[in-house]
Every structure is written in structure tokens, then in C-alpha cells.
Amino acid sequence: MSDPVLWERRGHVGYIRLNRPESLNALSGDMLAALGGIVEAIGQSTREIRTVIISGEGRAFCAGADLKERRTMDEGQVRSSVSRIREVLAAIERLPQPTIAAINGFAFGGGLELALCCDFRFAVRGAQLGLTETGLGIIPGAGGTQRLPRLLGPGKAKELILTARKISADKACEIGLLNGVADDLAQLESSCGRLAAEMLANAPLAVYQAKSAIDRGLDTDLQTGMTLEWAAYEATLTTKDRQEALEAFREKRPPRFTGE
């Protein structure tokens, strides 16, 4: 039996690939256990892995919870399963490294919630996306009702969630759900790779601190956010990379950042 989640490091980019194509990469218990372990390891490898790209194998990014598995569960087991999905997706959201969802196909329910936990989202043209849970008699339970309104505003989020509507990649990009749309899988990989390369050119600790300041500031008032920003700025002042940037400027050369 193949691993439900594959991952590798190429340079400073970590690639995670959901690997249950026969089930449209539905989130089974085994997949969540594997994904949780990988995410934990990546979070502890900030020197080696500085950006993360998440995609799916086959024709889907992720179709959401594994409904075949869900049908065998009692209510208590369902609660436990949904709690585990919430935990794993929150761990992805908390990663210090920037994360990119490369949506290679369908992203429904928990699959779209997974993508919403990432900092950036790109999809191949032809992909469909939606928080479809109300059509199944439930609601998004892994953050969809909270993250989607923060991204799109409450009106558009309610429209998508309450109708269980599935939308095209082009429509998703038009309303701000996606950062971009690619014509095919090769272009999708290229678009995600280019964005990763742009971020990798910068000081990693500064990138991590900037991401943290943005994410933490979104859930507070402006003045508290400014305080968080200053603390993040202070954290970069004593780094070797800041000194390297100044030396590179003086010597008129590109900086060589090490993440120190």
C-alpha cells in the first residue's frame, strides 16, 4: 500500500502531495496522521525548508472528508475525526514558512478548507472549488465558516457556504479566493515555483516574522497589531542576515542569506 501523503525537499522548498487518488484524496484517518507528522517535521526544519507547496495526486486536490470512512462512525467518532482535521489544518496555518496550495483539481469541503489554511492558492483551469457541506446536512467544521469570510468578506462567504455552490477556478480567482489560475499542471507548478523562488530570495527569518505579524495582527485591533509588528521587527534586528543585507548593499552584490 502506498503512503497516503508523499513529501520531499527540493532545495529549500518542501513539497507535500496528498496521495489517495482513487478516493480523490479524501481526508482519511491514515492521511491525517501522515499529514500531521509531516507538518510537524517541517515546522521544526525552518533552516532547511523555507517554503511549502501542497498539491494532490490525480484529478483532485482534495475532495474533503472521507465519507466512506465517515459512514462507519458513530457521533463520537465523527466529532473526534473532525477535531483531528481541525488540528492538522491549524498546524498548517501556524507553520512559520509561507505555504502555497497548488490546487490541481477538485477542492471541496475539507479540501478547500485545507487550501484556505495556506498563505497562497493557485489552481489549474478546470478545477472546481466549494464549501459544499450544507448540501450534506452539516456545515464546514474545519475553519471554513471563519477563514472564508476573513478572506472574501461575510456576504460572499455566506453566498458560497449557504448555497453549497461549486465554482470554477476562474470565478474563484475573480472573487479573490485564488492568487492565480494556470492553464495546465505544468504551468501550475511553474507559477507556484516562481512565487516560492521570489520569497526564497529574501531573508527567511524576516519572511517568517512578516508572516507572523500579518496573521496575528488580523485578529486584533490596529494598535495591538502595530505592537505585534514592532516585536516582529525587533526580532530581525540582531540577525546575521540583516548585517549581510547591509554588507551586500555596500558591496553592490546580491545578499547571501543563511537564515541566521
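We now turn to the structure provided with this report. (Residues numbered from 1 in each chain as written. Predicted model: local features only at pLDDT ≥ 70, side-chain atom pairs only at ≥ 80, totals over all residues. Heavy atoms only, no water.)

**Some points on helix α5 (residues 144-152)**
Every buried residue belonging to α5 is among Gly144, Arg147, Leu148 and Leu152, and all of these are buried. Buried residues in α5, looked at end-on, bunch into an arc of 110°, giving them a common side. Structurally, α5 contributes buried residues whose contacts are with α3 (75-94), α4 (110-116) and α6 (154-163). Positive backbone phi, approximately 95°, marks Gly153, located one or two places after α5. (Buried < 20%, exposed > 50% of the residue type's maximum accessible area, 1.4 Å probe, protein only. Helix = DSSP H or I, 4+ residues; strand = E, 2+ residues; numbered from the N terminus. Arc of directions from axis to C-beta. Contact = heavy atoms within 4.5 Å.)

**A closer look at the side chain of Arg147**
Residue placement: Arg147 occurs in helix α5. When neighbours within four sequence positions are excluded, Arg147 is seen to be in contact with Ala90, Glu93, Leu116, Cys117 and Ala142.

**Brief notes about the environment of Asp221**
Along the polypeptide, Asp221 turns up in the loop between α9 (204-217) and α10 (222-237). A distance of 3.4 Å separates the side chain of Asp221 from the side chain of Thr220, its partner in a polar contact. Within the structure, Asp221 has its side chain in polar contact with the side chain of Thr224 (distance 2.8 Å). (Polar contact = N/O pair within 3.5 Å; in protein donor to acceptor, adjacent residues only side chain to side chain.)

**Topic: the pairing of strand β1 (residues 5-10)**
For β1 and strand β2 (residues 13-18), the ladder comprises 6 bridges, and the chain directions are antiparallel. By the bridge assignment, Glu8 is partnered in β2 with Tyr15. Connecting β1 to the antiparallel partner β2 that follows it, the hairpin turn spans 2 residues, and Gly11 within it adopts a positive phi of roughly 65°. (Pairing = 2+ DSSP bridges.)

**Description of the layout of surface pockets**
In this structure, the largest pocket encloses a volume near 910 Å³. Glu93, Cys118, Asp119, Asp215 and Leu218 are, among the 32 residues lining the largest pocket, the residues nearest its centre. Mapped by element, the contributors of at least two residues to the lining of the largest pocket are α3, β7 (120-124), α5 and α9. Split by residue class, the lining of the largest pocket holds 16 nonpolar, 6 polar and 10 charged. Put simply, the second largest pocket is a space of about 670 Å³. What lines the second largest pocket is a set of 26 residues, among which Ala63, Gly64, Ala65, Leu67 and Leu136 lie closest to the centre. When the residues that make up the lining of the second largest pocket are grouped by side-chain class, the tally is 14 nonpolar, 6 polar and 6 charged. (1 Å grid on protein atoms, 1.4 Å probe; cavity = no way out; pocket = protein on both sides within 12 Å on 5 of 7 lines; lining within 4 Å. Points joined across faces, edges and corners; volume = space filled by probe spheres on them. Nonpolar A, V, L, I, M, F, W, Y, C, P; charged D, E, K, R; others polar.)

**Examining empty space enclosed by the protein**
In this structure the tally under the stated criterion is 2 cavities of 30 Å³ or more. Taken as a whole, the largest cavity holds about 50 Å³ of empty space. What lines the largest cavity is Arg50, Thr51, Pro98, Met199, Leu200, Asn202, Pro204, Val207 and Tyr208. When residues of the lining of the largest cavity are traced back to their parent elements, those giving at least two are α8 (185-200) and α9. Along the lines of polarity and charge, the residues of the lining of the largest cavity split into 6 nonpolar, 2 polar and 1 charged. Looking at the second largest cavity, its volume works out to about 40 Å³.

**Some words on the pairing of strand β5 (residues 99-103)**
For β5, the buried fraction is high: 5 of the 5 residues fall into the buried class. Here β5 shows two buried faces, one formed by Thr99, Ala101 and Ile103 and the other by Ile100 and Ala102. For strand β3 (residues 51-56) and β5, the ladder comprises 3 bridges, and the chain directions are parallel. Within β5, the residue paired with Val52 across the bridge is Thr99. Judged from the 4 bridges that link them, β5 and β7 form a sheet pairing that is parallel. Looking across to β7, one finds that Ile100 is bridged to Phe120.

**What about the nonpolar core?**
Leu35, Phe61, Ile92, Ile103, Leu148 and Leu177 are the most contacted members of the largest nonpolar core, which has 58 residues in total. The element best represented in this core is helix α1 (residues 29-43), accounting for 6 residues. (Core = buried A, V, L, I, M, F, W, Y, C linked by side-chain atoms within 4.5 Å.)

**A word on a nonpolar patch on the surface**
The grouping of Leu67, Leu136 and Ile138 at the surface amounts to a nonpolar patch, some 270 Å² of accessible area in total. Locating Leu136 in the fold gives a position in the loop between β8 (128-130) and α5. For Leu136, a relative accessible area of 53% gives the class exposed. (Patch = residues over 30% accessible without salt bridge, like charges linked within 9 Å, V, L, I, M, F, W, Y side chains within 5 Å. Areas by Shrake-Rupley, 256 points an atom, 1.4 Å probe, with all protein chains shown as cover. Salt bridge = Lys/Arg side-chain N within 4 Å of Asp/Glu carboxyl O.)

**Considering α3**
When the terminal C-alpha atoms of α3 are compared, their 29 Å separation across 20 residues agrees well with the 28 Å that a helix rising 1.5 Å per residue should span. Residues of α3 that are buried: Ser81, Ile85, Val88, Leu89, Ala90 and Ile92. Those residues of α3 that are buried lie in contact with α1, β3, α2 (67-70), β5, α4 and α5. With a side-chain oxygen lying 3.1 Å from the backbone nitrogen of Gly76, the N-terminal cap of α3 falls on Asp74. (Expected span 1.5 Å × (residues − 1).)

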